[in-house]
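A look at the structure
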Amino acid sequence: MPTSPSAQGARAAVVCGLGAWLPPRAVDNDELASRIDTSDDWIRTRTGIRTRHFVSPGMPTSRLATEAGARALESAGLDSVDAVVLATTTPDRPCPATAPLVAHRLGLTGRPAFDVSAVCTGFLYALATAAALITSGAAEHILVIGADAFSTIVDPEERSTAVVFGDGAGAVVLRAGGAAEPGAVGRVELGADGSLADLITVRAGGSETRSTDVPPSRADAHFSMAGQEVFFHAVTRMAGASRTAIADAGWRAEEVDRLVGHQANARILHAVGERLDIPRDRIVIHLDRVGNTAAASIPLALAHAQSTGGLGAGDRVVLSAFGGGATWGATALTWPDLKTA
Ligand code: UT7
């Protein structure tokens, strides 16, 4: 069992870099309302979203991930890491994984690189995996990226999903350090329930449909979500996992300075805050600018909060997410003093 001899406590993974990137094309609610049956008022009231960014034709997830990854490495002051872990639901191709290509483009050819698939909880699953590689002694530095281009899988004509999602990428660099240091990632509370697999899905395109000769319907070829049911499970699971993460950190709820939850819907984040007794002014809201960016949403929200003064060194932060699978997770950390790239 590897341990650190330093006064900083047991060996742990410590956040030492943060970066984010959005594709340039911004699409506001009015633009969507000009082509589908929706309105700025409905979208803002039901979700809190005002605008989002979409990839332009020919811009794959690897581009988003590479841009965010490069910024996180710059923020950490590093040009090399021991591994790249990429959380995504929209890989460039069904095969191979996207992470090796991203690592290659970042000058990290030869390093282990792999994708993690846990939809909107993907970043926390990737963070937990990378942190475990570091605490085990298998790596000293790891780049963890969350990147998604949901505009490539939602049906642009399907108003219940087309207005909700946006594209982007965010990334952190983890280094080996001590559990008592600012930035040390606490135990990541993770969970999954495959009986809820149909709530958030793209039915066609995998072995289930490819093993038949039946061409997929338009609905099956695109992303679908049972919004109200997902809403209920998201609130329940994010609140439960956050409560565990807060207790693991040895904090009381009133000591949490920032709740950085998966940015799916402002109403979900407010409901989670109410269950945890975390007031609204401590809940980071970034979805108004980017929509639901799936695996990218937590690191994008962190980068935005840090660059706008909404998150500072020493803040007690809880990260929490719910996504397809169903999957969920949460962790707690004291925010480190980082350079923003
Ligand atoms: O990222 C993974 C986790 N995801 C989430 O956590 C998402 C959770 N779910 C949600 O955020 C919400 O359920 C949505 C934002 C997706 C939908 O909001 P809602 O308040 O649950 O709306 P609804 O689906 O219950 O639909 C209410 C009404 C319906 O009309 P009727 O049947 O009442 O006449 C919909 O047809 O709103 C209608 N509607 C719309 N109207 C205008 C649905 N989408 C739209 C739209 N514009 N874009």
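For the structure, see preceding data.
As a starting point, this report considers the structure included with it. Quantities reported herein were computed from a predicted structural model and do not represent experimental measurements. (Residues numbered from 1 in each chain as written. Predicted model: local features only at pLDDT ≥ 70, side-chain atom pairs only at ≥ 80, totals over all residues. Heavy atoms only, no water.)

With respect to the pattern of salt bridges
Defined as follows: The term salt bridge refers to a pairing of a side-chain nitrogen on Lys or Arg with a carboxyl oxygen on Asp or Glu at a separation within 4 Å. Under the scheme used here, helices are H or I runs from DSSP no shorter than 4 residues and strands are E runs no shorter than 2 residues, and both carry numbers assigned from the N terminus. To sort residues, take the accessible area from a 1.4 Å probe on protein chains only and compare it with the maximum for the residue type: under 20% means buried, over 50% means exposed, and anything in between is partly exposed.
Counted by the stated rule, this structure contains 15 salt bridges. Note that D37 and R159 form a salt bridge whose closest N and O atoms lie 3.4 Å from each other. In this pair, D37 is assigned in the loop between α1 (29-33) and α2 (40-47) and R159 in helix α6 (residues 159-162), connecting sequence segments 122 residues apart. According to the relative accessible area criterion, R159 is partly exposed, its value standing at 46%.

Points about the environment of G227
As for its position among the elements, G227 is in helix α9 (residues 227-248). We classify G227 as partly exposed; its relative accessible area is 37%. Sequence separation between G227 and I200 is 27 residues, and the spatial gap between their C-alpha atoms is 8.6 Å.

Topic: the packing of aromatic side chains
The cut-off we apply is this: Pairing of aromatic rings covers Phe, Tyr and the six-membered ring of Trp, with a centre-to-centre limit of 6.5 Å; geometry is then stacked below 30 degrees between planes, edge-to-face above 60, and tilted otherwise. The criterion is that NZ of a Lys, or CZ of an Arg, lies within 6 Å of the ring centre and within 35 degrees of the ring normal, and then a charge sits over that ring.
Throughout the structure, instances matching the rule amount to four aromatic pairs. Taking 5.1 Å as the distance between ring centres and 70 degrees as the angle between the ring planes, the aromatic pair formed by F150 and F223 counts as edge-to-face. Taken together, the residues span a long stretch of sequence, with F150 in the loop between β6 (141-149) and α6 and F223 in strand β10 (residues 223-225) at a distance of 73 residues. Looking at F150, the relative accessible area reads 0%, which means it is buried. Clustering of aromatic rings is evident, with ring pairs tying together F150, F165 and F223. The ring of W328 has R237 lying over it, and the distance from NZ or CZ to the ring centre is 3.9 Å.

Without other data, these values stay purely geometric and don't point to any function.
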